[in-house]
Structures are given as structure tokens and as C-alpha cells.
Amino acid sequence: MEALVCRKLGDPTTPPDSSETTALTISTSHPIPTLTCPTSIRVRIKSTSLNYANYLQILGKYQEKFALPFVPGSDYSGVVESVGPNVTKFKVGDPVCSFAGVGSFAQFIVADEKDLYGVPDGCDLVAAGALPVAYGTSHVALIHRANLKSGQVLLVLGAAGGVGLAAVQIGKVIGATVVAVARGTEKVEFLKSMGVDHVVDLSKGGVIESVKAFLKTKKLKGVDVLYDPVGGKLTKESMKLLNWGAQILVIGFASGEVPLIPANIALVKNWTTHGLYWGSYKVNNPSVLEDSLMELLSWLARGLITIYISHSYKLQEANLAFLDIRDRKVIGKVMITFDDPKTITSSKL
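Residues numbered from 1 in each chain as written. Predicted model: local features only at pLDDT ≥ 70, side-chain atom pairs only at ≥ 80, totals over all residues. Heavy atoms only, no water.

Caption draft 1: Expanded view of the overall build of the chain. Regarding its fold elements, the chain presents 11 helices and 15 strands. Radius of gyration (C-alpha) of the chain: 20 Å, near the 20 Å computed for a compact globule of 349 residues. Along the first, second and third principal axes, the C-alpha set of the chain runs to 60 × 45 × 35 Å. Going through the 349 residues of the chain one by one, you find that 54% of them count as buried. When contacts within the chain are restricted to residue pairs at least 6 apart in sequence, long-range pairs at least 24 apart make up 69% of them. Roughly 15,300 Å² of accessible area belongs to the chain as shown, and the carbon and sulfur atoms make up 53% of that amount. Counting 35 positive and 30 negative side-chain charges, the chain places the averaged centre of each group 8 Å from the other. (Helix = DSSP H or I, 4+ residues; strand = E, 2+ residues; numbered from the N terminus. Rg over C-alpha atoms; globule rule 2.2 N^0.38 Å. Buried < 20%, exposed > 50% of the residue type's maximum accessible area, 1.4 Å probe, protein only. Contact = heavy atoms within 4.5 Å. Areas by Shrake-Rupley, 256 points an atom, 1.4 Å probe, with all protein chains shown as cover. Lys, Arg positive; Asp, Glu negative; His and termini not counted. Charge placed at Lys NZ, Arg CZ, Asp CG, Glu CD.)

Caption draft 2: Looking closely at a positive patch on the surface. A cluster of basic residues, Lys212, Lys236, Lys240 and Lys269, forms a positive patch at the surface. Here Lys236 is to be found in helix H7 (residues 233-238). With relative accessibility at 59%, the residue Lys236 sits in the exposed group. (Patch = residues over 30% accessible without salt bridge, like charges linked within 9 Å, V, L, I, M, F, W, Y side chains within 5 Å. Salt bridge = Lys/Arg side-chain N within 4 Å of Asp/Glu carboxyl O.)

Caption draft 3: Quick look at the side chain of Ser47. Here Ser47 shows up in strand S3 (residues 40-50). Relative accessible area serves as the criterion here: at 0%, Ser47 is assigned to the buried category. A polar contact of 2.9 Å, which involves the side chain of Ser47, links it to the backbone oxygen of Val126. Other than its neighbours up to four places away in sequence, Ser47 contacts Tyr76, Ser77, Leu125, Val126, Gly129, Met335, Ile336 and Thr337. (Polar contact = N/O pair within 3.5 Å; in protein donor to acceptor, adjacent residues only side chain to side chain.)

Caption draft 4: The arrangement of the pattern of salt bridges in detail. Taken as a whole and judged by the stated rule, the model has 8 salt bridges. The partner of Lys114 in a salt bridge is Asp115, and the shortest N-O contact between them spans 3.8 Å. With a shortest N-O distance of 3.1 Å, Lys172 and Asp197 are connected by a salt bridge. Here Asp197 lies in the loop between helix H5 (185-193) and strand S10 (198-201) and Lys172 lies in helix H4 (residues 162-174), a separation of 25 residues in the sequence. Classification of Lys172 as partly exposed rests on a relative accessible area of 31%. In this structure, a network of salt bridges that share partners links the residues Asp112, Lys114 and Asp115.

Caption draft 5: Main features of the packing of helix H3 (residues 132-145) against H4. Relative to each other, H3 and H4 sit at 50°, their axes nearing to 8 Å. Relative to H4, the element H3 is oriented oblique. Viewed along their axes, H3 and H4 form a crossing whose handedness is right-handed. Mapping the contact onto sequence places Ala134, Tyr135, Thr137, Ser138, His139, Leu142 and Ile143 in H3 and Gly162, Val163, Ala166, Ala167, Gln169, Ile170, Gly171 and Ile174 in H4. (Axes fitted to C-alpha atoms, helices over the stretch in contact; angles between N-to-C directions. Parallel < 35°, antiparallel > 145°, perpendicular 65-115°, else oblique. Left-handed = near helix turned anticlockwise from the far one by under 90°.)

Caption draft 6: Structural context of the sheet that holds strand S11 (residues 223-228). With respect to topology, 6 strands assemble into an open sheet ordered S10-S9-S8-S11-S12-S13, the strand pairing being parallel. Each end of this open sheet is capped by a strand with a single partner; those strands are S10 and strand S13 (272-275). Taking the axes of each pair of neighbouring strands and ignoring which way they run, one obtains an average angle of 15° across the sheet. Across the sheet, H4 lies against strand S8 (153-156), strand S9 (177-182) and S11, angled at about 170° from S8, the strand it touches most. (Pairing = 2+ DSSP bridges.)

Take a look at the structure:
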């Protein structure tokens, strides 16, 4: 099968096989994975999502390290191609989605039936491949950890990115007042079209004055939940907007700088800080992930959330997708799609 292989740690924005020293190579004869147990299922992948974590994995800067060589990739969607003798939940031809530690940047992947989720009728299969990690992260963070409630004020940093846009939509579904932070006219206008209550354009000024002015017009005291996949200076500024009893969700550090959250202020203001490494739930508390993804798929089928795919690439163009992520050109999600035996259509919902 065809697969994108990380043969050495390095820059994923360099075209695969452009030299003998590139981190990525395209294998056209990679072994098709075999069914490993009676409940195994082989999936022909339709689409797979690129996440910032995948970028860090190939650079060797992610918190989890993988033995070389490895096939990167995490969340995906596709069609059941083969099933083990004890499989009861799915049959050949069923549309499914899931996630893995590695392995989805390939034409086939094998998973246990308990780790697969059926894609409901009416859901775009390509879009479903973007759901598990980004939307799963934001759903677990906001619903399970912060217990976000209707009427609370949610401040989302990096709001036009994958997890950020997911957080914005989930906040609106819950009924929160959503304040989004992004940079540039295109991203700001897009967020406004999504029904965000207030958008801060970092290219035109800072967070504090803009958000305080908005809160004053709405007669609101401050921010109840801070959703932070960015870190750095932006986190420090945003903490000045937090209410007594606020909750801080530490999602990631796209800025490259890990922020310091002052414990003395957290004590005085009764803040709660949640570190969220979504992938670790699969080992430590898998039922949370299952419940979360089932609800998200239900919301997708009912039209409560929309997955926006800004770019879609073929496997050979993976470096272009990583360039989009590195240069922060992505609004929503960027995907790798595979041709199936018939055709494949791009998804921009």
C-alpha cells in the first residue's frame, strides 16, 4: 500500500524524497496491515486529519516519542474493508472513523472494533476524519473538565485553528457567550460568520482592552473559562480578564512558549487549572472518549456543529499541509485524502 513514512526526525515541510536526507518518504510498497486478533477490523482510509501534534512528532518535539521508522497520523475516516471472525458491531462497507497514536497517513489501518465509531447517515465521510482529535479535545476539555454552562463567558485563543474552532462551536452549542481571539481579517470575518459573540483581531490590537469593552457592553464581569492552545504572552494577558473561580484549560503551546500561571493569584482568585492531554484518556479513562465522540457524531449528524476543511491534499503533498500548519494559514482543518476504487470528493462544509 501507499504510506507516508517518517524515516528520520526532521522538518515535515520539506517535500518527501526531495533528497536522501528528508524526514519523510513516500512508500508505494508498504505492507498492508493484517488483522491481529478476532475482533480486528481493517479500514480503507478515506481521509486523515493533520494536527499540530503530528507536526511536532515528526520534528521530534512531541511529548511522546515513536521508534523510527513510523507512519505518522492520528484521526481518520474510511470504510470497513475486512473484519475478524468475532466482529459484531461492523460489516464490510460500513463507514467509520477513529484515531490512533500513529499510522493513519496510509491507505489502510487496522483497529479493534471497540475503537471504531460508526459514521451516521448524512455525515460527510471526509469531514468525519477531522472530528476525533480536534473536536474530541475541545469537547472533553469544555464539557468533561471545565463543565462549561450556558451563560458563562468562554474565551478561546487561537480560535481559527482546528481545536480553537471546535471549542468555539461547542461553546455555542452549550449556550456560552463566546469570545474568540485570532489574527487577520480573513480569520476574523470567518469567526464572525460562525456566530461568535465577539472577535479580537490581534493584528489590530491587544486582547485586554477589546474584551473588557465587550464585557462592559454586555454587563458581564469577566471570563469564566479560558481555552488556551497557544500559550506565551497571550496567556499572560488573558489571565487579567478572568473572573473569580475561573477555569483555565491548558491545551497546547502553539506559540512555542510555555506560560507561567502564578500560583499565588490562582489561590487568591480560586482559579482551577486543567492540563489536558486528550490522547492519554484512551489508556486511563477510555469511556470518557467514547461518550464524547458519540455525542459529537450525534451533533454532526444533527447539524449542531460543522467541520470546516480549509485545504485538502494528496499524500504526496503532505509537506504543503504541514506548511499550512506551520505558517498558520489553516482555518479549521487541513486533510489528506485518498482515492478509493471509485472517486473521492473534497469536503468544505
